Amino acid sequence: MIRTDKGWRFVKPVDAAVDEDAIERLLKAAERMKEERRVGPAAEAGEFGLSTPYMKLTFGIKGQDDVALSLGDLNPTREFRYASVKDGGVFTLPINDYSPFNMPVFQLRERAIVTVDPDKVQKVAVEPKGGGAFTVVRLGKEQWELTAPVKDQADRTEADGIASTLKYEKIQRFVEEEPKDLQRYGLDAPRLTVQLFTDAQGMPTDGVMLGNPIEQEEEEKGEKVKKTYYHGRRLSGGPVFLVSEKAYGDLPATPFKVRRKAMVDYDVDHITRIKLESAQETVDIRRKDKRKWEIGLTPAGGKETVLEGRHKHIDDVMWDLKWANATEFVDEPGE
């Protein structure tokens, strides 16, 4: 792993980005390493398994010689390993000091589906296979607008969730580092393409295309279970990978899912009157005080009767109306 202008990268065994949190853990672990007990001179290294080390850690430091730490056999209590730095003698090192380095490349690799910071995303374009593409644009910190195929308010949770899903859901497995045939993964004509823009007008910063599903049998809590994954690849290129069924399902595939579905919005505490009208009667609910209501009930063609309202039930009605969502958009009415 080497530090570059754009962050840390693997150069062996694969050319790939390193997870920022993972490299931070490694650097902190290196900083904390301290010998527990001095054992002997470096000449005795072979007696402690250091001639053929269990692990060797080499740190390149700018303007200085590399520092190479060799880890040998476990000590008799199996709580420490014998270790040596060039010309520094043999000492014991606590297992916990080096354990963060004892991980496979996969766990240290950057595994965000797309690495774009969700807070910087200003526009999202989604293109499902077969049509029905849609676009949402950020209007403010907590406000999004659906701009195509219709113009309407967007559901903030759903709109925010697109970039968050791509950033924080993890790649489950890398399938092919340098794919030559995208058709075998269904990525020549993806099921779903999501593009992220960090400005509302410019070119997409990055995104993902998702292709064919694959079903695998895995062991979970001692039982065999079938799990479904989807092949994916970033729009910027790179390897083909697998994402979970949950990640795929969390990405909206229709404009309806991302469209704001609340029928009406208001602050419940600021409502002073609710009027319900039908052909048979009119119900006029009026706030008299903070928790006091009266109900005017007028049958068709009759006189109003005033009743005392029950605060809890009226509150329930207001919350039901506030949180009621459309289940389908049928038509865009004309004039």
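Everything below is about the structure shown above.
Residues numbered from 1 in each chain as written. Predicted model: local features only at pLDDT ≥ 70, side-chain atom pairs only at ≥ 80, totals over all residues. Heavy atoms only, no water.

A. The overall build of the protein, seen in detail. Along the protein, the regular secondary structure elements total 7 helices and 21 strands. Here the C-alpha radius of gyration of the protein, 31 Å, is well above what a compact globule of 335 residues would show, namely 20 Å. Over its C-alpha atoms, taken along the principal directions, the protein stretches across nearly 110 × 50 × 50 Å. Partitioning the intrachain contacts of the protein with sequence separation of at least 6 by distance along the chain shows that 51% fall at a separation of at least 24. On the protein, roughly 21,200 Å² of surface is accessible, and the fraction owed to carbon and sulfur atoms is 47%. The averaged location of the 60 negative side-chain charges in the protein is 1 Å from the averaged location of its 53 positive side-chain charges. (Helix = DSSP H or I, 4+ residues; strand = E, 2+ residues; numbered from the N terminus. Rg over C-alpha atoms; globule rule 2.2 N^0.38 Å. Contact = heavy atoms within 4.5 Å. Areas by Shrake-Rupley, 256 points an atom, 1.4 Å probe, with all protein chains shown as cover. Lys, Arg positive; Asp, Glu negative; His and termini not counted. Charge placed at Lys NZ, Arg CZ, Asp CG, Glu CD.)

B. A look at the sheet that holds strand β7 (residues 80-85). One open sheet holds the 5 strands; their spatial order is β4-β8-β7-β6-β5, and the pairing between them is antiparallel. The open sheet has two edge strands with one neighbour each: β4 (37-40) and β5 (55-59). Averaged over all pairs of adjacent strands, the angle between their axes in this sheet comes to 35°, without regard to strand direction. Summarising the sheet, strand β6 (residues 67-74) and β7 pair through 4 bridges and their orientation is antiparallel. Bridge pairing in β7 links Ser70 to Ser84. (Pairing = 2+ DSSP bridges. Axes fitted to C-alpha atoms, helices over the stretch in contact; angles between N-to-C directions.)

C. Fine view of a nonpolar patch on the surface. Taken together, Met263, Val264, Val317 and Leu321 make up a surface patch of nonpolar side chains, about 330 Å² in accessible area. You can see Met263 is positioned in the loop between α6 (255-258) and β18 (273-277). (Patch = residues over 30% accessible without salt bridge, like charges linked within 9 Å, V, L, I, M, F, W, Y side chains within 5 Å. Salt bridge = Lys/Arg side-chain N within 4 Å of Asp/Glu carboxyl O.)

D. Region of the structure containing unusual backbone geometry. Backbone torsion omega between Lys12 and Pro13 reads 5°, so that peptide bond is classified as cis. Residue position: Pro13 is located in the loop between β2 (7-10) and β3 (16-17). In this model, Ala148 is joined to Pro149 through a cis peptide bond whose omega is 10°. Tracing the sequence through the fold places Pro149 in the loop between β11 (143-148) and β12 (152-153). The phi torsion at Arg78 lies on the positive side, around 60°, for a residue other than glycine.

E. Examining the sheet that holds strand β19 (residues 281-289) more closely. Ordered by their spatial adjacency, 4 strands build an open sheet running β18-β19-β20-β21, and the pairing between neighbours is antiparallel. The open sheet has two edge strands, β18 and β21 (305-309), and neither has a second partner. Averaged over all adjacent pairs, the angle separating strand axes in this sheet is 20°, with direction ignored. As defined by bridge partners, β18 adjoins β19 across 5 bridges and the pair is classed as antiparallel. Its bridge partner being in β19, Arg273 is matched across the sheet by Arg286. Where helix α7 (residues 311-323) meets the sheet, its contacts fall on β18, β19, β20 (292-299) and β21, and the angle it forms with β20 comes to roughly 75°.

F. Layout of the side chain of Thr135. Looking at the secondary structure, you find Thr135 in strand β10 (residues 134-140). Setting aside chain neighbours within four positions, we find Thr135 in contact with Lys123, Val124, Ala125, Glu145, Leu146, Thr147 and Ala148.

G. Region of the structure containing the environment of Leu182. Here Leu182 is to be found in the loop between β13 (173-176) and β14 (192-197). Assessed through its relative accessible area of 22%, Leu182 is described here as partly exposed. Spatially, the C-alpha atom of Leu182 lies 18 Å from that of Gly130, the residues being 52 residues apart in sequence. Every residue in contact with Leu182, bar those within four places of it in the chain, is listed here: Leu187, Asp188, Met209, Arg233 and Val240. (Buried < 20%, exposed > 50% of the residue type's maximum accessible area, 1.4 Å probe, protein only.)

H. A look at the pattern of salt bridges. Evaluation of the coordinates by the stated rule reveals 18 salt bridges. Between Arg286 and Glu294 there is a salt bridge, with the nearest N and O atoms lying 2.9 Å from each other. Note on accessibility: Arg286 and Glu294 belong to one class, buried. Salt bridges linked by common partners bring Arg273, Asp284, Arg286, Glu294 and Glu304 together as one network.

I. Fine view of helix α1 (residues 20-32). The end-to-end C-alpha distance of α1, which contains 13 residues, comes to 19 Å, matching closely the 18 Å that a straight helix rising 1.5 Å per residue would cover. Of the positions making up α1, those classed as buried are Ala22, Ile23, Leu26 and Ala29. Considered in projection along α1, the buried side chains sweep an arc of 120° and stay on one side of the axis. Exposed positions of α1 whose direction lies more than 90 degrees from the buried face are Glu20, Asp21, Glu31 and Arg32. In this structure, the buried side of α1 is in contact with β2, α2 (95-98) and α3 (105-108). Taking the backbone nitrogen of Asp21 as reference, a side-chain oxygen 3.0 Å away marks Asp19 as the first, capping residue of α1. (Expected span 1.5 Å × (residues − 1). Arc of directions from axis to C-beta. Polar contact = N/O pair within 3.5 Å; in protein donor to acceptor, adjacent residues only side chain to side chain.)

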